[in-house]
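# Structure at a glance
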Amino acid sequence: MFLTLAASMLATSRTTSTKIIQTRRKVILDHDGGIDDFIALMLLLSHQQRIELLAVVVMEADSVGSVAVNTTSKLLHLFGAGHVPVAYSSLKCLNPFPDKWRWDAAKVDTLPQLNRWNPTELRAMRAKLVQQPGEEYLADLLMQQTEPVTLVMTGPLTNLAYALQKHGEAVAAKIEEVWWMGGALRVPGNVYERHTTGEIPTDGSAEWNAFCDPDAMRVVWASTVRLVVTPLDATNQVPITPDHVYSYGPQADMPFSLLAGTMYSTVLSYNASSFHLYYAWDALDAACMLSAGQVVPDRVSEQYMLPCWVEEGLATEVVLRGESQGAILLLNNSSTTGSTGGTAEGEVQDGKRSAHGCSGTDNGADGDDAEVEVSSGAKACAGGSRSRVKRIAAVTRVQQEDFYRFVLESFKQ
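What counts and what doesn't
- Residues numbered from 1 in each chain as written.
- Predicted model: local features only at pLDDT ≥ 70, side-chain atom pairs only at ≥ 80, totals over all residues.
- Heavy atoms only, no water.
- Salt bridge = Lys/Arg side-chain N within 4 Å of Asp/Glu carboxyl O.
- Helix = DSSP H or I, 4+ residues; strand = E, 2+ residues; numbered from the N terminus.
- Buried < 20%, exposed > 50% of the residue type's maximum accessible area, 1.4 Å probe, protein only.
- Axes fitted to C-alpha atoms, helices over the stretch in contact; angles between N-to-C directions.
- Parallel < 35°, antiparallel > 145°, perpendicular 65-115°, else oblique.
- Left-handed = near helix turned anticlockwise from the far one by under 90°.
- Contact = heavy atoms within 4.5 Å.
- Nonpolar A, V, L, I, M, F, W, Y, C, P; charged D, E, K, R; others polar.
- Disulfide = S-S within 2.5 Å.
- Pairing = 2+ DSSP bridges.

## Observations concerning the pattern of salt bridges
This structure, assessed with the given rule, holds eleven salt bridges. Note that Arg226 and Glu312 form a salt bridge whose closest N and O atoms lie 3.0 Å from each other. Of the two residues, Arg226 sits in the loop between helix H10 (214–221) and strand E7 (227–230) while Glu312 sits in strand E8 (residues 308–318), which places them 86 residues apart along the sequence. Residue classification places Arg226 among the partly exposed residues on the basis of a relative accessible area of 34%.

Next comes the structure, spelled out in structure tokens:
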């Protein structure tokens, strides 16, 4: 395991980093329609000098999918990217998000800034939506690429798992890396309520994008795809505060800032009415990807890059069943035989979850292993059903003020 600083600092002159990317990175966004997903999309659109957005795939998870697709299309047209294809996945979560969250997409879709078109224009926009199911479209689009692309995934890993199951390593070779907002490594999860899947309660150790589809995680963990995770460990450091929302006011004459500030203003009531804060989950994932080793010839003197601390080579497994399903087990480096090799046993870093006493499986089958209680209350074995060991990278630290500044600078247009 080692640390990399996945960014250049304030670029007052040409900067250097571990990996310099002079050309535009080809990116596909796969999101699930929450307010933070739309902020992530806007961040990508605000940096089109750095990336080429090839397509957006929408899955119904933290949203009503049809509303999220509509909103996505309007956002793209508003910011001059109406040519970007939008596809709607037909796949659904194993463990659905609560309905009270899923309707948040409507808060964005009804905003005046996204309803400036007449009915004829709106019908024309909808007619341009990809007719093929989103999971099929993603798989086909990846296979068509002549050079590897980057996937930014801010919902469950469902569509990627479909592509991997359909094309195997042929599609994995088309992916440079996946930046996924999901999971929790050394902190508790955010599936707070005892959400029920059939007869199985949850214990609070999983993060929602992971809990939504643990089977998709099993497929991805068995692949050779490079996975960079933006877990709750990092996103917990970037709450959306009233001060941050107020800061959009002085630049509200700029379309990106006006819309982002308006969107974020709708989540402050969540902070006030809930025991838990609203965080910049998906926006941080997009921001760290945008800042990862990139130096762009134009506007370098004006561009602020976000310092994201990334831990490399973390040996991990995923709990696939039981009360801890979707939880990521963080193992010692010595406990794994390779990025996709068999399972292993070992102590857990920083007191996370112990994998001792678990034989582990790589096929998702339930077993009779004993459960191991840990400090977070998770059952590490959850019936003995675990993924293969996979070495991942993870964003583990970011400075709150650096992130706020990056977003505000990005939206000065």
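## Details of the packing of helix H1 (residues 35–45) against helix H2 (residues 65–78)
Close contact between H1 and H2 brings their axes to 11 Å; oriented N to C, the two are set at 25°. By the angle between their axes, H1 is roughly parallel relative to H2. The handedness of the crossing between H1 and H2 comes out as right-handed. For the pair H1 and H2, contact is made by Phe38, Leu41, Met42 and Leu45 and by Ala68, Thr71, Thr72, Leu75 and Leu76, respectively. Among the residues forming the contact of H1 with H2, the class breakdown is seven nonpolar, two polar and no charged.

## Here we look at the state of the cysteines
Evaluation of the coordinates by the stated rule reveals two disulfides. Disulfide pairing is shown between Cys288 and Cys308; the S-S distance is 2.1 Å. Around the S-S axis, the bridge from Cys288 to Cys308 shows a dihedral of about -85° and counts as left-handed. Here Cys308 lies in strand E8 and Cys288 lies in helix H15 (residues 281–291), a separation of 20 residues in the sequence. For Cys288, a relative accessible area of 0% translates into the label buried.

## Description of H10
Counting buried positions along H10 gives six out of eight residues, so the element sits mostly inside the fold. Residues of H10 that are buried: Pro214, Ala216, Met217, Val219, Val220 and Trp221.

## Brief notes about the packing of H2 against helix H5 (residues 119–127)
H5 packs onto H2 with a crossing angle of 105° between their chain directions and a minimal axis gap of 10 Å. In terms of orientation, H2 lies roughly perpendicular with respect to H5. For the pair H2 and H5, the contacting residues are Asn70, Ser73, Lys74 and His77 in the first and Leu122, Met125 and Arg126 in the second. Across the contact of H2 with H5, the residue classes break down as two nonpolar, three polar and two charged.

## With respect to the pairing of strand E6 (residues 175–181)
Every other side chain in a regular strand lies on the same face of the sheet, so the side chains alternate between the two faces. With six of seven residues buried, E6 lies mostly within the body of the structure. Examined bridge by bridge, strand E5 (residues 149–153) and E6 share five bridges and lie parallel to one another. For Met153, the partnering residue across the bridge sits in E6 and is Trp180. Looking at chain direction, E6 and E7 are connected through four bridges and run parallel. When the sheet's bridge partners are listed, Trp179 is paired in E7 with Val228.

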